[in-house]
Amino acid sequence: MISVAPGEEWQAIANRTGVTVATLQTMNPGVDLKSATKLVVPNSNIRLTNWRRSATTDPASASSLTKVRARKGDTIAKIAATRKLSADEVARLNGIAPNAELQPGQEVKLPTSGASSVTPRRR
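Here goes a summary of the coordinates provided. (Residues numbered from 1 in each chain as written. Predicted model: local features only at pLDDT ≥ 70, side-chain atom pairs only at ≥ 80, totals over all residues. Heavy atoms only, no water.)

**Observations regarding the pattern of salt bridges**
Scanning all chains against the criterion turns up 3 salt bridges. Measuring nitrogen to oxygen at the nearest pair gives 3.8 Å for the salt bridge that ties lysine 67 to glutamate 107. In this pair, lysine 67 sits in strand S3 (residues 65–69) while glutamate 107 sits in strand S4 (residues 107–111), placing the two residues 40 residues apart along the sequence. Its relative accessible area of 52% is what places lysine 67 among the exposed residues. A relative accessible area of 38% means that glutamate 107 is categorised as partly exposed. Put simply, glutamate 107 and arginine 69 hold a salt bridge, and the shortest N to O gap is 3.6 Å. One end of the pair, glutamate 107, is in strand S4; the other, arginine 69, is in strand S3, and 38 residues separate them in sequence. The exposed category is assigned to arginine 69, whose relative accessible area is 52%. (Salt bridge = Lys/Arg side-chain N within 4 Å of Asp/Glu carboxyl O. Helix = DSSP H or I, 4+ residues; strand = E, 2+ residues; numbered from the N terminus. Buried < 20%, exposed > 50% of the residue type's maximum accessible area, 1.4 Å probe, protein only.)

Following this line, the structure appears as structure tokens:
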């Protein structure tokens, strides 16, 4: 589910989520956007549009990501803590709540920090 801003139109929601207007309307039959605050959207198609790096970040490092595989019992918060990253930032990047338990083997995207030469340790 996603939140809908007051006055937001189907096309704006489609652009923000990467889902067609037809798909959104099919998944939310009879929904009136004037009164709706939430919409059902397929998770596999959501593109994150609110995650941004600050203007002071080096553009070369802003576009690079590291990917790790989750182990049993891992959460975004645990993975972020072991790498000294913001759990909220990693959660936004992946579209997953910080404390939601991840599936073993699930791929998690991490922002590459300035100290990329340091290899973080895992359990």
